[in-house]
Amino acid sequence: MTQKIRSAEGLLRSVPEPGQVVLPKDGEQNILITSALPYCNNVPHLGNIIGSTLSADVYSRLCVGTRNRRTLYICGTDEYGTATETRALKEGVSPRELCDKYHELHSETYVWFDIGFDYFGRTSTPLHTEICQEIYLNLKKHGNLLRQEKEQTYCEDDQKFLADRFVEGTCPHCNSDDARGDQCDTCGRTLDAVELINPRCILDKTHNVVTRISAHMYVRLDEIQPRTEEWIKESWRRGKWSPNSVINGEGALIDARLKGGLRPSPVTRDLKWGVPVPVADEDPDQDMKGKVLYVWFDAPIGYLSITANLTPEWKQWWFNPKNVRLYQFMGKDNVYFHTIYFPSVQIGDGRDWTLLHHLSTTEYLNYEGGKFSKSHNRGVFGPAAKETGIPASVWRYYLLSTRPETADATFSWGDCVAANNNVLLNNFGNFVNRALKFISSQYGGIIPEGDSPGPLSPNDENDAEFVTDVNGLLMDYTEAMDAVRLRLGLQTVMHLSQRGNLYLQSSGLNKALMNENPTRCAQVVTRAANLIYVLSALVYPFMPSTSASILSQLNAPSRAVPDAFSIDLLPGHHIGRPEHLFKKIEEKMADVWRAKFAGNDPAPAAPAADETHAPSGTSKRKAAAAKKLVQPVVQEVGEADGPKSAEALALDARVTEQGSHVRELKARTRRTKELDEETAVAIAELKKLKAERAALSR
């Protein structure tokens, strides 16, 4: 098919060659992105995915996919530590076998969610050991390690010290008899294993557990603190960190540990599964032999070692603060380690590191009014998302549209279904399908003579308001995404597709317009097709598969995000075959999935993936028979409902968006008078929108 694309510098996306490892270049924008390393003793749930890996993927795709920036996105599994050892014991396998299993499960999950790391590695590698030990020795060389002795639980039968997770006993605070050595789940208090009453070894509860003195090395955070605080304030100012628990919006340090004075923090443990502590023959601390580095010391170094496993030129990224900007994505529980602990280690190491530039954090995503719980099978974990039959693009859209950027948010099956039906299907998908089907049926799939190539004037004779609105939304999108306000960026994409629907409606696009005013009709479809081409770039970071489908239907190469609306698909360009981007999900499926993922209580099974989509082109008799058998719950757009007006589509989207805003406000746990007032106003607005929608449907 003939392609006719305007030739202009920067219009198309720069696509790296397969297998090419991107390295930074002086004078260019070089972006290094990490998402918090998932721990390798379980599969991730939806909250883990939106909290780090998916959010980082969106920003990575924005940088490299639509802004042509040199970008590297690194992640991998965090594999060492006590949690791995204890989980391996429960599963009856070695720590290595456990990590191999869960590394593969994590990889498969992220591939299905379309998360496109440049490299997804792991921390249990020789290079990781080498880099960790080098940093440890540098800290020691600069006098930033301190030897301390403290009481620790010891199993006399096994003749070894026990890390906190190898010990359980009675909580000294609430008397619960199943407290762990690091925390009591009953009262929520953090513990030191030596505090437990009647401590027991989890390997064998008949073993005798006592306390003995054990020596360990500590990093002197107290000595490094003045330099760490200076760096935090400067990085927060330059990088425009998202709201977090370390420094507030006025630039004041609010972390309790900083305010109370940092203390030396342990960097060694009495374990076997981990990075061995390096001890030279002349080292006075010979009793460090046989110990390993603490997992929270080695885990952040995983970013470096994973990069090193990708390319031997890894130092061009990690020792290049003048040319590289580091963006790190994580949940709020990881903020301390990425903004205080590990930067202090880097500063104490003494080398010129690439330090954190922008911090992007999320609050918690809860599940249907409670918490995700793997032990209770509550919520959606990893591969289970695929089992629902909901496409990855829809999952990505819903999770990103509810991304808990400023407060905890709640996953809701009803909202998920509504997001698919009201926003993706009736708004975004309707605009793309309506415009392209018209071009296919009325113009033989060829863009007609309707406009000259290049930017459209905001003073356009026919569409001045439309062009101005599109340019304004493009500016809003760029500002939101550059500030890493991903949820706002996604909302802007949907506002732009709403504007496209309103444009088709107000222009009266139909056969009558084509017959009565063919010049205007050609202009409208040309501009609609070019807006769809813009949307393919804007939606790419959020839903890459949807973007690819749009490009296939347009028969066009992937493009960059433009600064202004222009005619880039030219007259004579052949589009591809129009197809529906999304399918309707029956509302009753929200109840089915809610029951299926509610927890350990028996629940009706959801239909298999291939049973959740209504077959197209089925006769009424066969369709009725199929419905009795499998109760299909997803229909092609237009099979169940007639087409809605652009005004109705816009109202649907606004109701869904406002509903999410109300739920976010209600989910905030720290209630204030101002918040209650804001919530009341938001609820009133939601009721008003619903009333308008009901009136319109009558």
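Above this text sits the structure in question.
Reference entry: report on the structure contained in this document. Predicted, not measured: the structure shown is a model, and the values here were computed from it. (Residues numbered from 1 in each chain as written. Predicted model: local features only at pLDDT ≥ 70, side-chain atom pairs only at ≥ 80, totals over all residues. Heavy atoms only, no water.)

## Describing the pairing of strand E13 (residues 324–331)
Then comes step 1: Counted residue by residue, E13 has seven buried out of eight residues, so it is predominantly covered.
Then comes step 2: Note: strand E1 (residues 30–35) against E13, six bridges, orientation parallel. Its bridge partner lying in E13, Thr34 is registered against Gln328.
Then comes step 3: Regarding topology, helix H10 (residues 335–349) serves as the crossover connection from E13 to the parallel strand E14 (residues 356–362), and that connection is right-handed. (Buried < 20%, exposed > 50% of the residue type's maximum accessible area, 1.4 Å probe, protein only. Helix = DSSP H or I, 4+ residues; strand = E, 2+ residues; numbered from the N terminus. Pairing = 2+ DSSP bridges. Right-handed = clockwise from strand over helix to strand, strands pointing away.)

## Things to note about empty space enclosed by the protein
Then comes step 1: For the coordinates displayed, the defined rule picks out two cavities of 30 Å³ or more.
Then comes step 2: If you trace the largest cavity, you find it lined by Tyr303, Trp318, Leu326, Gln328, His338, Phe342, Pro343, Gln346, Thr354, Leu355 and Leu356.
Then comes step 3: Secondary-structure elements contributing two or more residues to the lining of the largest cavity are E13 and H10.
Then comes step 4: If you tally residues by element for the lining of the largest cavity, the top one is H10, at four residues.
Then comes step 5: Split into classes, the residues belonging to the lining of the largest cavity amount to seven nonpolar, four polar and no charged.
Then comes step 6: In this structure, the second largest cavity encloses a volume near 30 Å³.
Then comes step 7: What lines the second largest cavity is simply Arg13, Gly65, Thr66, Ser536, Ala537, Tyr540, Ser547, Leu551, Ser558 and Arg559.
Then comes step 8: Elements supplying a minimum of two residues to the lining of the second largest cavity: helix H1 (46–66), helix H17 (518–539) and helix H18 (544–554).
Then comes step 9: Counted by class, the lining of the second largest cavity contains three nonpolar, five polar and two charged residues. (1 Å grid on protein atoms, 1.4 Å probe; cavity = no way out; pocket = protein on both sides within 12 Å on 5 of 7 lines; lining within 4 Å. Points joined across faces, edges and corners; volume = space filled by probe spheres on them. Nonpolar A, V, L, I, M, F, W, Y, C, P; charged D, E, K, R; others polar.)

## Quick word on the packing of helix H13 (residues 413–442) against helix H19 (residues 589–596)
Then comes step 1: Axis separation between H13 and H19 bottoms out at 8 Å; the angle between their running directions is 140°. The orientation of H13 with respect to H19, classified from their angle, is oblique. Our pair here, H13 against H19, has a crossing hand that is right-handed. From H13, Trp413, Gly414 and Val417 reach across to H19, where they touch Ala590, Trp593 and Arg594.
Then comes step 2: When grouped by side-chain class, the residues that make up the contact of H13 with H19 number four nonpolar, one polar and one charged. (Axes fitted to C-alpha atoms, helices over the stretch in contact; angles between N-to-C directions. Parallel < 35°, antiparallel > 145°, perpendicular 65-115°, else oblique. Left-handed = near helix turned anticlockwise from the far one by under 90°. Contact = heavy atoms within 4.5 Å.)

## Regarding the sheet that holds strand E2 (residues 70–77)
Then comes step 1: Here we have five strands laid out as an open sheet, ordered E3-E2-E1-E13-E14, and parallel in their pairing. Each edge of the open sheet carries a strand with a single partner, namely strand E3 (119–122) and E14. When the angles between neighbouring strand axes are averaged without regard to direction, this sheet yields 20°.
Then comes step 2: Bridge count for E2 against E3 is four bridges, and the pairing is parallel. Residue pairing across strands places Thr77 opposite Arg122, the latter belonging to E3.

## Overview of the pattern of salt bridges
Then comes step 1: Applying the stated rule across the entire model yields 40 salt bridges.
Then comes step 2: With a shortest N-O distance of 4.0 Å, Glu79 and Arg96 are connected by a salt bridge. In this pair, Glu79 is assigned in the loop between E2 and helix H2 (82–91) and Arg96 in helix H3 (residues 95–112), connecting sequence segments 17 residues apart.
Then comes step 3: Using a relative accessible area of 32% as the deciding quantity, one classes Arg96 as partly exposed. (Salt bridge = Lys/Arg side-chain N within 4 Å of Asp/Glu carboxyl O.)

## Observations regarding H10
Then comes step 1: Counted at 1.5 Å a residue, the expected span for H10 with its 15 residues is 21 Å, and the 20 Å between its end C-alpha atoms agrees.
Then comes step 2: Of all the bends in H10, the greatest, near 30°, is centred on Phe342, and the proline Pro343 appears no more than four residues after it.
Then comes step 3: Buried residues dominate H10, accounting for 15 of its 15 residues.
Then comes step 4: One or two residues past the end of H10 sits Gly350, with phi positive at roughly 90°. (Expected span 1.5 Å × (residues − 1). Bend = angle between axes of the 7 residues up to and from the residue.)

## Things to note about the packing of helix H12 (residues 392–401) against H13
Then comes step 1: At their nearest, the axes of H12 and H13 sit 10 Å apart, and the two run at 110° to each other. If you check the angle between H12 and H13, you find them roughly perpendicular. Residues Val394, Trp395, Tyr397 and Tyr398 of H12 form the contact with H13, whose participating residues are Trp413, Asp415, Cys416, Ala419, Asn420, Val423 and Leu424.
Then comes step 2: Along the lines of polarity and charge, the residues of the contact of H12 with H13 split into nine nonpolar, one polar and one charged.

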